Amino acid sequence: MKIFIYSLLIFVYAVLSGCYEHFPLKQDITRTQNEFLNQDGSKVKFPELTKGKITLMAMVYTHCPDICPMTTHNMQLIESKLSKDELEKVRFVVITFDPDRDTPDVLKKFAEIRDIDFSRWSFLSGNKQNTKEVMLKFDIKAVPADSSYDADGNLSYYIVHTDRLSLIDQNGLLRKKYVGSIVDVNEVVNDIKYLLE
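The structure displayed is predicted, hence computed values, not measured ones.

The rules behind the values
Residues numbered from 1 in each chain as written. Predicted model: local features only at pLDDT ≥ 70, side-chain atom pairs only at ≥ 80, totals over all residues. Heavy atoms only, no water. Buried < 20%, exposed > 50% of the residue type's maximum accessible area, 1.4 Å probe, protein only. Helix = DSSP H or I, 4+ residues; strand = E, 2+ residues; numbered from the N terminus. Pairing = 2+ DSSP bridges. Right-handed = clockwise from strand over helix to strand, strands pointing away. Salt bridge = Lys/Arg side-chain N within 4 Å of Asp/Glu carboxyl O. Phe/Tyr/Trp six-rings, centres within 6.5 Å; stacked < 30°, edge-to-face > 60°. Lys NZ or Arg CZ within 6 Å of the ring centre and 35° of its normal.

Explanation requested: the pairing of strand 5 (residues 90-96) in the structure shown.
For a regular strand, side-chain orientation follows a simple rule: the groups alternate between the two sheet faces. Among the seven residues of strand 5, seven are classified as buried, and the element is accordingly described as predominantly covered. Side chains Val-90, Phe-92, Val-94 and Thr-96 project from strand 5 onto one buried face, and the interleaved Arg-91, Val-93 and Ile-95 project onto a second face that is buried too. Here strand 5 runs beside strand 6 (residues 121-124); their pairing, made up of four bridges, is parallel. In the sheet register, Phe-92 faces strand 6, and the bridge partner there is Trp-121. Of the crossover connections in this fold, the one passing from strand 5 over helix 4 (residues 104-113) to the parallel strand 6 is right-handed.

Written out as structure tokens, the structure reads:
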């Protein structure tokens, strides 16, 4: 009887430990491809451009006064904590959910001010349909808030939005979501290293 109980405990332990996953998600994001323009105005498809790379992705807009710059900065901090060899296998993607104002030129200036290396980063702007599809895929919400007109008659508005960083593995599976503006940078670095093992 003792042998039976002991064997049963070992079996239960093996099943439970086998079910454990380091990451809470395993969502395939490769089923649909969405076309965007990158910061140079070249057409690219997402997530195809990340194929074979671990990807850290955020959706932002450049007129954001706080959360989006903080999220982008945190992505840069994560980048700075990875070795040159590790960075060869990692991609950083930023997609705007405000394509009317965030043209490729605007996104490029936003990145250049931050000294971003375009060999590892892509800033993407697309039409409303493609943008909406990616927002749905990543469960991102963005709602225009108060608006006004500037002295030149241009419409100015802020957007209330989801604060999110998404970690995608080499196989195009969404593995984890973080709060982008206050993310624990070391947690993300460790998660990336775990995927690189």
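I would appreciate a short explanation of the pattern of salt bridges in the present structure.
Two side chains with opposite charge may pair up if their charged atoms get near one another. Throughout the structure, instances matching the rule amount to eleven salt bridges. Close ionic contact of Lys-108 with Asp-40 constitutes a salt bridge, the shortest N to O distance being 2.7 Å. Of the two residues, Lys-108 sits in helix 4 while Asp-40 sits in the loop between strand 2 (34-37) and strand 3 (43-46), which places them 68 residues apart along the sequence. A relative accessible area of 25% means that Lys-108 is categorised as partly exposed. Here Glu-79 ties to Arg-120 by a salt bridge, and the two come within 2.9 Å at their closest N and O atoms.

Can you help me understand the packing of aromatic side chains in this one?
What describes a pair of aromatic rings is the distance from one ring centre to the other and the angle between the planes of the rings. As enumerated under the stated definition, the model contains seven aromatic pairs in all. Pairing Tyr-61 with Phe-97 gives two aromatic rings, centres 5.7 Å apart and planes at 40 degrees, and the pair type is tilted. Of the two residues, Tyr-61 is situated in the loop between strand 4 (54-60) and helix 2 (67-80) and Phe-97 in the loop between strand 5 and helix 4; the sequence distance between them amounts to 36 residues. Relative accessible area serves as the criterion here: at 1%, Tyr-61 is assigned to the buried category. Classification of Phe-97 by relative accessible area gives buried; the value is 9%. Linked through ring pairs, Phe-92, Phe-110, Phe-118, Trp-121 and Phe-123 together constitute an aromatic cluster. Above the plane of the ring of Tyr-157 lies Arg-101, whose end atom (NZ or CZ) is 3.6 Å from the centre.

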